[in-house]
Amino acid sequence: DTAVSQTPKYLVTQMGNDKSIKCEQNLGHDTMYWYKQDSKKFLKIMFSYNNKELIINETVPNRFSPKSPDKAHLNLHINSLELGDSAVYFCASSQEGVRRTQYFGPGTRLLVL
Amino acid sequence: GQNIDQPTEMTATEGAIVQINCTYQTSGFNGLFWYQQHAGEAPTFLSYNVLDGLEEKGRFSSFLSRSKGYSYLLLKELQMKDSASYLCAVWGFNKFYFGSGTKLNVKP
């Protein structure tokens with residue numbers, strides 16, 4: 001009964017490769033997010049999707065592209081991976097409204113060699 | 001620009017009370033959140049304040065002063081399992097801003 005799930009949990013890959021991280025939520029929320037947490041533990045928002053529309057697009061390299069096939073899924077595709085992309089990537093979801101409490105997935109630990 | 005400040009690290013004793021402060025300057029304000037994050041795990045929601053005052057929830061309380069751009073998280077009767085990072089986050093103009101987190105060490 002996982003509310004927000006991500007796959008894979010761990011991802012080790014070579015520089016220059018292309019990889020995808022998948023996220024699914026079964027909470028019926030209408031907004032999903034991708035965050036990057038670096039080695040200093042600073043959490044930074046990357047993207048947000050509301051009803052399949054991109055509503056936030058922070059200044060991240062265009063090598064990163066979010067893809068949302070439906071309201072319950074928001075995948076993150078990364079082209080030409082670089083060493084600096086190594087981090088933990090968290091997916092989260094929330095419901096439009098006053099509270100907007102975000103529920104996080106378990107995270108994907110990406111290591112680029 | 002947007003700015004959220006929290007102390008980097010704090011240490012407290014089991015059974016004691018600790019207050020973690022957060023100051024913010026953001027574009028727009030629609031609420032302030034506190035999250036707990038244990039090492040190697042995802043953040044989990046603790047509290048939400050949108051109006052000034054104190055919100056109490058068991059051993060945890062959160063306070064907000066919008067005019068001062070200030071919040072604190074109060075943890076009572078500290079337990080060893082409270083050792084974690086505590087993140088302050090502000091919902092601004094359709095964006096979430098997170099502080100860098102306060103690492104709390106609870107000692108016996």
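Just so we're clear, the structure is a prediction, and the values are computed from it rather than from any experiment.

### What about the sheet that holds strand E1 (residues 3-5) of chain B?
All names here are of chain B.
Then comes step 1: Overall, antiparallel pairing links the five strands, which are arranged E1-E3-E8-E7-E6 in an open sheet. The open sheet has two edge strands, E1 and strand E6 (53-57), and neither has a second partner. Recorded for the sheet is a direction-independent mean angle of 15 degrees between the axes of neighbouring strands.
Then comes step 2: Pairing analysis gives six bridges linking strand E7 (residues 60-65) to strand E8 (residues 70-75), with the strands arranged antiparallel. Paired with serine 61 across the two strands is leucine 74, which belongs to E8.

### Observations regarding the state of the cysteines
Then comes step 1: In this structure the tally under the stated criterion is two disulfides over all chains.
Then comes step 2: A sulfur-sulfur separation of 1.8 Å characterises the disulfide bridge that pairs cysteine 23 of chain A with cysteine 91 of chain A. Across the S-S bond linking cysteine 23 of chain A and cysteine 91 of chain A, the dihedral sits near -75 degrees, which makes this disulfide left-handed. Of this pair, cysteine 23 of chain A sits in strand E3 (residues 19-25) while cysteine 91 of chain A sits in strand E9 (residues 87-94), and the two are 68 residues apart along the sequence. Residues cysteine 23 of chain A and cysteine 91 of chain A agree in their burial class; the two are buried.
Then comes step 3: Through a disulfide, cysteine 22 of chain B is tied to cysteine 88 of chain B; the S-S separation comes to 2.0 Å. Taking the torsion about the S-S bond as the criterion, the cysteine 22 of chain B to cysteine 88 of chain B disulfide, at about -70 degrees, is left-handed.

### A look at the sheet that holds strand E1 (residues 4-7) of chain A
Residues and elements named next belong to chain A.
Then comes step 1: Reading across the sheet, the four strands line up as E1-E3-E8-E7 and stay open at both edges, with antiparallel pairing between neighbours. Because the sheet does not close on itself, it has two edges, and the strands there are E1 and strand E7 (64-70). On average, each strand axis in the sheet is tilted by 20 degrees relative to the strand beside it, whichever way the strands run.
Then comes step 2: Pairing analysis gives four bridges linking E1 to E3, with the strands arranged antiparallel. The partner of threonine 7 across the bridge, within E3, is lysine 22.

### A look at empty space enclosed by the protein
Then comes step 1: Throughout the structure, instances matching the rule amount to one cavity of 30 Å³ or more.
Then comes step 2: Each pocket or cavity is described by its volume, and for the largest cavity that value is around 30 Å³.
Then comes step 3: Split into classes, the residues belonging to the lining of the largest cavity amount to two nonpolar, three polar and three charged.

### Quick look at the nonpolar core
Then comes step 1: Of all hydrophobic cores here, the largest spans 21 residues; its most connected members are Ile4, Leu32, Trp34, Leu75, Leu78, Tyr86 and Leu104 of chain B.
Then comes step 2: For this core, the secondary structure elements donating two or more residues are strand E3 (18-25), strand E4 (32-37), E7, E8, strand E9 (84-91) and strand E11 (102-107) of chain B.
Then comes step 3: Within the second largest apolar cluster, 19 residues are counted, among which are Leu76, Ile78, Leu81 and Val112 of chain A.

### Here we look at the pattern of salt bridges
Once their charged atoms are close, side chains differing in charge can pair, the charge on each being opposite to the other.
Then comes step 1: One pass over the structure, following the stated rule, counts five salt bridges over all chains.
Then comes step 2: A salt bridge links aspartate 52 of chain B to arginine 66 of chain B, with the shortest nitrogen-to-oxygen separation between them at 3.0 Å. Of the two residues, aspartate 52 of chain B is situated in the loop between strand E5 (44-49) and E6 and arginine 66 of chain B in the loop between E7 and E8; the sequence distance between them amounts to 14 residues.
Then comes step 3: The class for aspartate 52 of chain B is partly exposed, based on a relative accessible area of 43%.
Then comes step 4: Through salt bridges with shared partners, a single network forms among Arg63, Glu82 and Asp85 of chain A.

### Some thoughts on the pairing of strand E11 (residues 108-112) of chain A
All names here are of chain A.
Then comes step 1: Most of E11 sits out of view: four of its five residues are buried.
Then comes step 2: Here four bridges tie strand E2 (residues 10-13) to E11, and the two strands are oriented parallel to one another. What sits directly across from leucine 11, in E11, is leucine 110.

### Examining the confidence of the model for chain A
Then comes step 1: Here chain A shows a mean pLDDT of 89. Residues at 70 or above account for 96%.
Then comes step 2: Averaged pLDDT values over the elements of chain A bottom out at 74 in strand E6 (residues 53-57) of chain A and peak at 97 in E3 of chain A.

Reading the values: rules and limits
Residues numbered from 1 in each chain as written. Chains lettered and ligands numbered in written order. Predicted model: local features only at pLDDT ≥ 70, side-chain atom pairs only at ≥ 80, totals over all residues. Heavy atoms only, no water. Pairing = 2+ DSSP bridges. Helix = DSSP H or I, 4+ residues; strand = E, 2+ residues; numbered from the N terminus. Axes fitted to C-alpha atoms, helices over the stretch in contact; angles between N-to-C directions. Disulfide = S-S within 2.5 Å. Buried < 20%, exposed > 50% of the residue type's maximum accessible area, 1.4 Å probe, protein only. 1 Å grid on protein atoms, 1.4 Å probe; cavity = no way out; pocket = protein on both sides within 12 Å on 5 of 7 lines; lining within 4 Å. Points joined across faces, edges and corners; volume = space filled by probe spheres on them. Nonpolar A, V, L, I, M, F, W, Y, C, P; charged D, E, K, R; others polar. Core = buried A, V, L, I, M, F, W, Y, C linked by side-chain atoms within 4.5 Å. Salt bridge = Lys/Arg side-chain N within 4 Å of Asp/Glu carboxyl O. pLDDT = per-residue confidence, 0-100.

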